[in-house]
Amino acid sequence: MRLHNLSNVKGATHRRKRVGNGEGNGHGKTCGRGGKGQTARSGGGIRIGFEGGQMPIFRRLPIRGFNNKNFRVEYESVNVGELEKLDDSVTEVDRDALAVAGLVRLNDKPLKILGEGELTKALKIKADKFSGSAKEKIEKAGGEAIVAEA
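The name given to the chain in an unreviewed UniProt entry is Large ribosomal subunit protein uL15, with Pelagicoccus mobilis as the source organism. Check the Subunit (unreviewed entry) section of the UniProt entry for the chain; it says "Part of the 50S ribosomal subunit." Heading Sequence similarities (unreviewed entry) of the UniProt record for the chain holds this comment: "Belongs to the universal ribosomal protein uL15 family."

Here it is, written out as structure tokens:
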């Protein structure tokens, strides 16, 4: 099975609606847009939530609660199982070494090492944060988990 062999199931595709081609097809004259006005014009229409000038419901209702979106910290994360795949010549792991290996991007996000997978190499790993299981696995393999100062 290849992408060029795939085809739609029967009934999945529809013919294009041909408007303005006479009254016989049901979409002639005003082409399904009704009579005059803003919505009949090309590019016309009103934005979502507009209520004809009346104060919209999303502005009438009070804001309640708290949203953490503006304050949350997003991490670049790497599992210890991925560190196992690093070249044997690598003994010290930091963001730059991981970026060279293609495991993280060089951006402003802090780096966190997570504990998924197994680690057999003794690596000296420098990151902003470690999960409990990751730190345990790194130290069990004879490595060192160093928390980088921000």
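Q: Before we go on, may I ask you to explain the environment of K137 in this structure?
A: Checked against the element boundaries, K137 lands in helix α4 (residues 132–140). Residue K137 is classed as partly exposed on the basis of its relative accessible area of 22%. Distance from K137 to A97, taken between C-alpha atoms, is 20 Å for residues 40 residues apart in sequence. What K137 contacts, discounting residues up to four positions off in sequence, is V80, G115, E116, G117 and E118.

Q: Whenever I open this one, the sheet that holds strand β6 (residues 144–147) confuses me. Can you help?
A: The parallel open sheet is built from 3 strands, whose spatial order is β2-β4-β6. The open sheet is flanked by β2 (92–93) and β6, the only strands paired with a single partner. Looking at chain direction, strand β4 (residues 124–127) and β6 are connected through 4 bridges and run parallel. Paired with I125 across the bridge in β6 is A145.

Q: I would appreciate a short explanation of the nonpolar core in the present structure.
A: Considering soluble globular proteins, one finds that nonpolar side chains tend to be buried as a cluster. With 18 residues, the main nonpolar core has L83, L98, I113, I125 and I138 as its most contacted residues. Among the elements of the structure, α2 (80–83), β3 (111–114), β4 and α4 are those that each provide at least two residues to this core. For I125, the contacting residues outside a window of four places in its chain are L83, V93, I113, F130, I138, E144, A145 and I146.

Q: So what exactly am I meant to see when it comes to the sheet that holds β3 here?
A: Strand pairing in a sheet takes place through backbone hydrogen bonds and is either antiparallel or parallel in direction. One open sheet holds the 3 strands; their spatial order is β1-β3-β5, and the pairing between them is parallel. Every other strand in the sheet has two partners, leaving β1 (76–79) and β5 (129–130) as the edge strands with one partner each. Relative to β5, β3 runs parallel, the two sharing 2 bridges. Opposite I113, over in β5, you have F130 as the bridge partner.

Q: What's the story with unusual backbone geometry in this structure? I'm lost.
A: Backbone geometry follows two general trends: most residues other than glycine have a negative phi, and most peptide bonds adopt the trans configuration. With a phi close to 45°, K29 is a non-glycine residue in the positive phi region. On the basis of relative accessible area, K29 is assigned to the exposed category, the value being 72%. Look at C31: it is not a glycine, yet its phi comes out positive at around 60°.

Q: What exactly am I supposed to notice about a negative patch on the surface here?
A: Residues E92, D94, D96, E136, E139 and E144 make up a contiguous surface patch of negative charge. Inspection of the secondary structure assignment puts E136 in helix α4.

Q: How should I be thinking about the UniProt feature "domain: Large ribosomal subunit protein uL15/eL18" (unreviewed entry) in the chain in this particular structure?
A: In the numbering used here, UniProt assigns the "domain: Large ribosomal subunit protein uL15/eL18" (unreviewed entry) feature to residues 78–145. The span residues 78–145 carries 28% helix and 24% strand; its end-to-end C-alpha distance comes to 13 Å.

Q: Any chance you could explain the packing of aromatic side chains here in plain terms?
A: Per the counting criterion, the structure on display carries 1 aromatic pair. Judged by centre distance (5.9 Å) and plane angle (10°), the ring pair of F66 and F71 falls under stacked. Under the relative-accessibility criterion, F66 is labelled exposed at 64%. Taking relative accessible area as the criterion, F71 reaches 57% and is therefore assigned exposed. Over the ring of Y75 we find K112, and its NZ or CZ is 5.7 Å from the ring centre.

Cut-offs used in this document
- Residues numbered from 1 in each chain as written.
- Predicted model: local features only at pLDDT ≥ 70, side-chain atom pairs only at ≥ 80, totals over all residues.
- Heavy atoms only, no water.
- UniProt positions renumbered as here; feature names shortened; annotations may be inferred.
- Helix = DSSP H or I, 4+ residues; strand = E, 2+ residues; numbered from the N terminus.
- Buried < 20%, exposed > 50% of the residue type's maximum accessible area, 1.4 Å probe, protein only.
- Contact = heavy atoms within 4.5 Å.
- Pairing = 2+ DSSP bridges.
- Core = buried A, V, L, I, M, F, W, Y, C linked by side-chain atoms within 4.5 Å.
- Patch = residues over 30% accessible without salt bridge, like charges linked within 9 Å, V, L, I, M, F, W, Y side chains within 5 Å.
- Areas by Shrake-Rupley, 256 points an atom, 1.4 Å probe, with all protein chains shown as cover.
- Salt bridge = Lys/Arg side-chain N within 4 Å of Asp/Glu carboxyl O.
- Lys, Arg positive; Asp, Glu negative; His and termini not counted.
- Charge placed at Lys NZ, Arg CZ, Asp CG, Glu CD.
- Phe/Tyr/Trp six-rings, centres within 6.5 Å; stacked < 30°, edge-to-face > 60°.
- Lys NZ or Arg CZ within 6 Å of the ring centre and 35° of its normal.

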